[in-house]
Amino acid sequence: MNYLFDPRHWTGADGIPTLIGEHLLYSLIALAIAAVIAVPLGIYIGVTGKGVFLIAGLANALRALPSVGLLILLVLLISPAFPSKMGYILPSLIVLVLLAVPPILTNTYAGVRAVDAAAVDAARGMGFRTMKILTDVQLPCSLPLVLSGVRSALLQIISTATIAAYISLGGLGRLLIDGKAQNDYSQMVAGAVLVALLALFFDQLLAFITRRVVSPGLTRRTIKSASIAEPAKTPVTV
Amino acid sequence: MNIEWLGRQFDTIVFLLGWHVLLTVIPLILGLLIALPLGWWAHRSRRIYPLLVGVAGLLYTVPSLALFVLLPLVLGTKILDPLNIVAALTIYTVALLVRVVADALESVPEDTVQAAKAMGYRSWQSLLKVELPVGVPVISAGLRVAAVSNVSLVSVAALLGIPQLGSLFTQGFQLRFFTPIIAGILLCVILAMILDGLIILLNRWLTPWTPKVVAS
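What you see is a predicted model; the values in this text were computed from it and never measured. (Residues numbered from 1 in each chain as written. Chains lettered and ligands numbered in written order. Predicted model: local features only at pLDDT ≥ 70, side-chain atom pairs only at ≥ 80, totals over all residues.)

S.K.: Describe the overall build of chain B, listing the residues and the values that go with them.
M.R.: On a plain count of helices and strands, chain B comes out with 9 helices and 0 strands. When the helices and strands of chain B are read in sequence order from the N terminus, they spell out α-α-α-α-α-α-α-α-α. With respect to the principal axes defined by its C-alpha atoms, chain B has extents near 65 × 45 × 20 Å. For chain B, the proportion of its 216 residues judged to be buried stands at 43%. Contacts in chain B between residues far apart in sequence, at least 24 positions, make up 70% of those at least 6 positions apart. (Helix = DSSP H or I, 4+ residues; strand = E, 2+ residues; numbered from the N terminus. Buried ≥ 20, exposed ≤ 12 C-beta atoms within 10 Å, placed from the backbone. Contact = placed C-beta atoms within 7 Å.)

S.K.: How would you explain the overall build of chain A if you had to name every residue and give the values?
M.R.: Counting its secondary structure elements, chain A contains 10 helices and 0 strands. If one aligns the C-alpha atoms of chain A with their principal axes, the spans along those axes are about 80 × 50 × 30 Å. Residues classed as buried in chain A amount to 42% of the 238 residues present. Within chain A, contacts between residues at least 6 apart in sequence are counted, and of these 71% link residues at least 24 apart.

S.K.: Talk me through helix α1 (residues 16-48) of chain A; I want residue IDs and the actual numbers.
M.R.: Between the first and last C-alpha of α1(A) there are 47 Å, a value that for 33 residues agrees with the 48 Å anticipated at 1.5 Å per step. Immediately downstream of α1(A), the backbone of A:G49 shows phi near 75°, a positive value. (Expected span 1.5 Å × (residues − 1).)

S.K.: I'd like a rundown of the interface of chain B and chain A, residues and numbers included.
M.R.: On the side of chain A, 29 residues touch chain B, which itself brings 33 residues to the contact. Broken down by secondary-structure element, the contributors of at least two residues to the side of chain B that touches chain A are α3 (48-61), α4 (64-75), α7 (123-156), α8 (166-175) and α9 (178-206) of chain B. In terms of residue count, α9(B) provides more of the side of chain B that touches chain A than any other element does, 8 residues in total. Looking at the side of chain B that touches chain A residue by residue, the classes come out as 24 nonpolar, 8 polar and 1 charged. (Nonpolar A, V, L, I, M, F, W, Y, C, P; charged D, E, K, R; others polar.)

S.K.: Quick rundown of unusual backbone geometry? Include the residues and the values.
M.R.: Even without a glycine there, the phi angle at A:S168 is positive, about 70°. Since 16 C-beta atoms lie within 10 Å of it, A:S168 is described here as partly exposed. One non-glycine residue, B:R176, lies in positive phi territory at about 50°. Relative to the elements of secondary structure, B:R176 occurs in the loop between α8 and α9.

S.K.: Would you mind going over the packing of α8(B) against α9(B) in detail, with residue names and values included?
M.R.: Residues and elements named next belong to chain B. Where α8 contacts α9, the two axes come as close as 7 Å, and the packing angle between them is 160°. Here α8 is positioned roughly antiparallel relative to α9, judged by the angle of their axes. The element α8 and its partner α9 pack so that their crossing is left-handed. Contacts between α8 and α9 involve G166, L168, F169, Q171 and G172 from the first element and F178, P180, I181, A183 and G184 from the second. Here the residues of the contact of α8 with α9 are counted per class, giving 6 nonpolar, 4 polar and no charged. (Axes fitted to C-alpha atoms, helices over the stretch in contact; angles between N-to-C directions. Parallel < 35°, antiparallel > 145°, perpendicular 65-115°, else oblique. Left-handed = near helix turned anticlockwise from the far one by under 90°.)

S.K.: Describe α7(B), naming the residues involved and giving the relevant values.
M.R.: The first and last C-alpha atoms of α7(B) sit only 43 Å apart over 34 residues, clearly below the 50 Å expected at 1.5 Å per residue. The largest bend in α7(B) amounts to roughly 50° and is located at B:V136, with the proline B:P137 lying one to four residues further along. (Bend = angle between axes of the 7 residues up to and from the residue.)

S.K.: Please set out the confidence of the model for chain A residue by residue, giving values where relevant.
M.R.: Residues and elements named next belong to chain A. Mean pLDDT over chain A: 86, with 92% of residues reaching 70 or higher. Of all secondary-structure elements in chain A, the lowest mean pLDDT belongs to helix α10 (residues 221-225), at 47, while α1 reaches the highest, 94. Contacts for the low-pLDDT stretch residues 223-238, under 50 throughout, to residues beyond four places or in other chains number 2 contacts. (pLDDT = per-residue confidence, 0-100.)

S.K.: An account of the environment of B:L59 is requested, with residue identities and associated values reported.
M.R.: Residues and elements named next belong to chain B. Tracing the backbone shows L59 in helix α3. Separated by 35 residues in the primary sequence, L59 and V94 place their C-alpha atoms 9.5 Å from one another. Discounting residues that sit within four places of it in the chain, L59 has contacts with I91 and A95.

S.K.: With reference to specific residues and values, describe the confidence of the model for chain B.
M.R.: Residues at a pLDDT of 70 or more form 98% of chain B, whose mean pLDDT is 92. The ipTM assigned to the predicted complex is 0.86, against a pTM of 0.87.

S.K.: Any details on the packing of helix α3 (residues 67-78) of chain A against helix α4 (residues 86-114) of chain A? Residues and values, ideally.
M.R.: Residue and element names in this part refer to chain A. At a minimum axis distance of 9 Å, the contact between α3 and α4 shows a crossing angle of 140°. In terms of crossing hand, the pair formed by α3 and α4 is right-handed. Contacts from S67, L70, L71, L74, V75 and I78 in α3 reach G87, Y88, L90, P91, S92, I94, V95 and L99 in α4. In terms of residue class, the contact of α3 with α4 is built from 11 nonpolar, 3 polar and no charged.

S.K.: Give a description of the environment of B:V151 that names residues and reports values.
M.R.: Position of B:V151 among the secondary structure elements: in helix α7. For B:V151, a count of 31 C-beta atoms within 10 Å puts it in the buried group. Here B:V151 is in contact with A:A64, B:T24, B:C188, B:L191, B:A192 and B:L195, once residues within four sequence places are set aside.

S.K.: Outline the environment of A:T160, supporting the account with residue identities and numerical values.
M.R.: Residues and elements named next belong to chain A. For T160, the position within the fold is in helix α6 (residues 130-163). The spatial distance from the C-alpha of T160 to the C-alpha of D184 is 22 Å, given a sequence separation of 24 residues. Residues contacting T160, with those up to four places away along its chain left out, are S67, V95, L96 and L99.

Below is the structure:
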């Protein structure tokens, strides 16, 4: 724990705040790219039913690929073409995006599929156009699953961005890899604790956001606490 | 691909593969053995379920490299001890399977449980001979996910210098040499597919009553 509480490690270009900032920057860029690819694709496959094979096949195949191997392979392939920092930033981002797409894609697909057909029919009966059904009914109803996909994607990204320190990407993984190289276990522990806290924080943040933005009608939260449960308790007066 | 290099390194690669198999399979079995009673407990108690599933979810969020580094503090082991990897992956497997086992037992139709009771099964007999077998497909689906992700997670331990297939990646990186990296990736994927296939077979063998055409 000594490393963590030494004020010298909290300032400067390789200080802990800088490392956290880098870790977040790479993670959020990768998450944004993955979401821009996976959410529209998931909606398209969910609504049209085309390309379902992508969902089952892709998700399993990518899980089996070892991320360390993929990272190193891409660095060796890409870095000769980009002599600057991009030589390792680009491969890292590609791997992070590749790992984040499957959970968002499968969950968006499953979310759109799971929307109650009666709700879609009701909207159509009320004169909603296809686009409006999508934006006002299907998307809000699938939001919980989409967000849970984003949540597991972000955890995957934060975890893998740590590993990418091995191929010299910045971020909290630096403490783990540099600590290993310098035989400085307390530096490694500091990195491990900070990365774990970062992951826990974002996991809880996304859980909180999910509770805030998901319509209460979907989670039955208000129904439980509101009047429906009440009548049983009121005494019967004849 | 440099086939000649692979030939020369054959013994080393087999050694690394052996370690990789051990580090993947032992946590898988330990994790399942721990998750079965915990999942049953979560299934039995409405209060325990959110607690166990919540703790499992929190453990699952801890990044693998961080867990590998933190476990020596808890276990008192050396940083290079393969035991850390076994413990970390067991934790991940348990975290994943507790919920799966609880949901599998939950998925057993109430009629089936009642029928077992009516035929004179005691509750532990019903659990072992009726509820668990009926829940096998759900549990093995969870086990497949755990097996495949364990194969990938084990290779992360190479960054700490613990020998397994991931060592081929770090070696290839240091030598700027593609052959070990590609060999390592291929062996990891093949290992994951073999474990996945074995669990599918085990599932079919344990559930002979299901139709022969099983969608994977």
